[in-house]
Amino acid sequence: MADQNGTPKFDIPKTCKAGVCVNEGPDFRVEIQDVPVPEPGPDEVLLKLNATGLCMSDIHFMMNDWNVPPMSTFGVKCAGHEGAGVVVKLGANVKNWKVGDRGGIKPLLDVCGACDLCWDGKENYCQKGVYTGLAATGSYQQYVVSPAKYTSPIPDGVSDYIAGPIMCSASTMHRALIDSGLKVGQWVVFPGGGGGVGIQGVQLAKAMGMRPIMGAEEFVDFKEVSDVAAEVKRVAGGVGAHGVVVTAYQAYSSAISYIGDRIGGVIMCVALPPKDTVTVSGDPSHFAFRNLKVIGSLVGTMQDTAQALEYAQRGLLKQICEVRGLSEMPESVQQLRRGEIAGRVVIDFNKP
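Not measured: the values here are computed from a predicted model.

(A) Highlighting the pattern of salt bridges. Under the definition given, this model contains 15 salt bridges. A salt bridge links glutamate 82 to arginine 344, with the shortest nitrogen-to-oxygen separation between them at 2.7 Å. Pair noted here: glutamate 82 is in the loop between α1 (56–63) and β4 (83–90) and arginine 344 is in strand β16 (residues 344–348), with a separation of 262 residues, a long-range link. Accessibility expressed as a relative area gives 6% for arginine 344, which makes it buried.

And the structure:
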């Protein structure tokens, strides 16, 4: 429906469906409940989400096994940070959005915009950043408010099923690949490349001219190959990979081995394990003689999200996800927790 000026008009309900975290901690579960629809503040937009991806970070927030305060500290009951939908209402001061525009929310709902990190294109490390699904209501709730200045526009030609996961997994991978300094034609390994983050990394690496192992140019099956490191070395010119992007924390123990005899290799730490469970270590002499670098990379910036969406618009990031209805969210979350999901699951709020 549209008004006489052609602006879309939406009937906004008083309540909406949401996947609510119950019994936060090791025995958490998600229940579909009716919750109040929030009212946007002066500088916010109200989004009606059509889709949300399910990310392993959601599990960690609901289990509270990272070294961060619990969701309940902030009064948050809905996890999620891969939301894609449409703007249905504007705050009084919002000028750069229109009702009917498509937009998404990311792992960071907002940043201060006034610190050196924000000014230097590193707002993903802003110390005043607000983490979606932890310190602010996440994308497991269909209607959410989002700061207009930090909501990501979704371009035409990119479906919500693709755009949702881009908000976290693809933008995170784009940032990691940029931070790695890897160049066109260089080999990059994605242990955990069959997961929701890794599959985006494989696609982006190929689109950016790199040579990904485990999913694109070459595939190494961890279950079938007895010596994975030797096989990676063989594939990567008999020397070893130029880079390893770790997207599953179980792979940290073997990540350095994939560099082989390569000088100047880089290990990108992306996967976040439960607190006090994993370390990345090695002989300092090995690091020195191989000029080996280990770099941490968090989530993507606003720019990373925009660039990943552009890759999708060009057809270089494909939809690799299973779409399920809202009623399937609780069990899907538990399947993700148990490690039973390959790739990404996207929940469609408009499907039962």
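(B) Geometry of the nonpolar core. Membership of the largest hydrophobic core comes to 44 residues, with the highest contact counts inside it found for Met62, Met71, Tyr140 and Val333. Only β1 (15–22), β2 (29–36), β3 (44–53), α1, β4, β8 (143–147), α9 (329–337) and β16 provide two or more residues apiece to this core. Tallying contributions element by element places β1 first for this core, with five residues. Leaving out residues up to four positions away in the same chain, methionine 62 has contacts with Cys21, Glu24, Gly25, Phe28, Val30, Met71, Ala79, Tyr140 and Val333.

(C) Examining the packing of α1 against α9 more closely. Viewed as axis vectors pointing N to C, α1 and α9 meet at an angle of 95 degrees, and their least axial separation amounts to 9 Å. Here α9 runs roughly perpendicular to α1, going by the angle between their axes. Every residue of α9 that contacts α1 at Met56, Ile59, Met62 and Met63 is listed here: Val333, Leu336 and Arg337. When grouped by side-chain class, the residues that make up the contact of α1 with α9 number six nonpolar, no polar and one charged.

(D) Seen up close, the side chain of histidine 60. Positionally, histidine 60 belongs in helix α1. Taking the relative accessible area as the measure of exposure, histidine 60 reaches 5% and is therefore buried. Every residue in contact with histidine 60, bar those within four places of it in the chain, is listed here: Asp65, Trp66, Leu272 and Pro274.

(E) Main features of the environment of tryptophan 66. Relative to the helices and strands, tryptophan 66 is located in the loop between α1 and β4. A relative accessible area of 11% places tryptophan 66 in the buried class. Tryptophan 66 sits 267 residues away from valine 333 along the chain, and the two C-alpha atoms are 18 Å apart. Ignoring any residue separated from it by four or fewer positions in sequence, one finds tryptophan 66 in contact with Ser57, His60, Phe61, Leu272, Pro273, Pro274 and Lys275. Within the local environment of tryptophan 66, its side chain forms a polar contact with the backbone oxygen of leucine 272, the two atoms lying 3.2 Å apart.

(F) Main features of the side chain of glutamine 203. The residue glutamine 203 is located in helix α4 (residues 198–207) in this model. Glutamine 203 gets classed as buried once you look at its relative accessible area, which sits at 11%. Filtering out sequence-adjacent residues up to four positions away, glutamine 203 remains in contact with Leu316, Leu317, Lys318 and Ile320.

(G) Up close: the sheet that holds strand β13 (residues 266–269). What the five strands build is an open sheet, ordered β11-β10-β12-β13-β14; its pairing is parallel. Both outer strands of the open sheet, β11 (211–213) and β14 (293–296), are each paired with one neighbouring strand and no more. Each adjacent strand pair in this sheet contributes to an overall mean axis angle of 20 degrees, direction not counted. Summarising the sheet, strand β10 (residues 187–189) and strand β12 (residues 243–246) pair through two bridges and their orientation is parallel.

(H) Seen up close, unusual backbone geometry. For asparagine 64, which is not glycine, the phi dihedral falls at a positive 60 degrees. Residue classification places asparagine 64 among the partly exposed residues on the basis of a relative accessible area of 26%. The backbone phi angle of asparagine 291 is positive, close to 50 degrees, even though this residue is not glycine. Within the secondary structure layout, asparagine 291 lies in the loop between α7 (284–290) and β14.

Parameters at a glance
- Residues numbered from 1 in each chain as written.
- Predicted model: local features only at pLDDT ≥ 70, side-chain atom pairs only at ≥ 80, totals over all residues.
- Heavy atoms only, no water.
- Salt bridge = Lys/Arg side-chain N within 4 Å of Asp/Glu carboxyl O.
- Helix = DSSP H or I, 4+ residues; strand = E, 2+ residues; numbered from the N terminus.
- Buried < 20%, exposed > 50% of the residue type's maximum accessible area, 1.4 Å probe, protein only.
- Core = buried A, V, L, I, M, F, W, Y, C linked by side-chain atoms within 4.5 Å.
- Contact = heavy atoms within 4.5 Å.
- Axes fitted to C-alpha atoms, helices over the stretch in contact; angles between N-to-C directions.
- Parallel < 35°, antiparallel > 145°, perpendicular 65-115°, else oblique.
- Nonpolar A, V, L, I, M, F, W, Y, C, P; charged D, E, K, R; others polar.
- Polar contact = N/O pair within 3.5 Å; in protein donor to acceptor, adjacent residues only side chain to side chain.
- Pairing = 2+ DSSP bridges.

Note that every value here comes from positions in space, so none of it alone points to a role or purpose.
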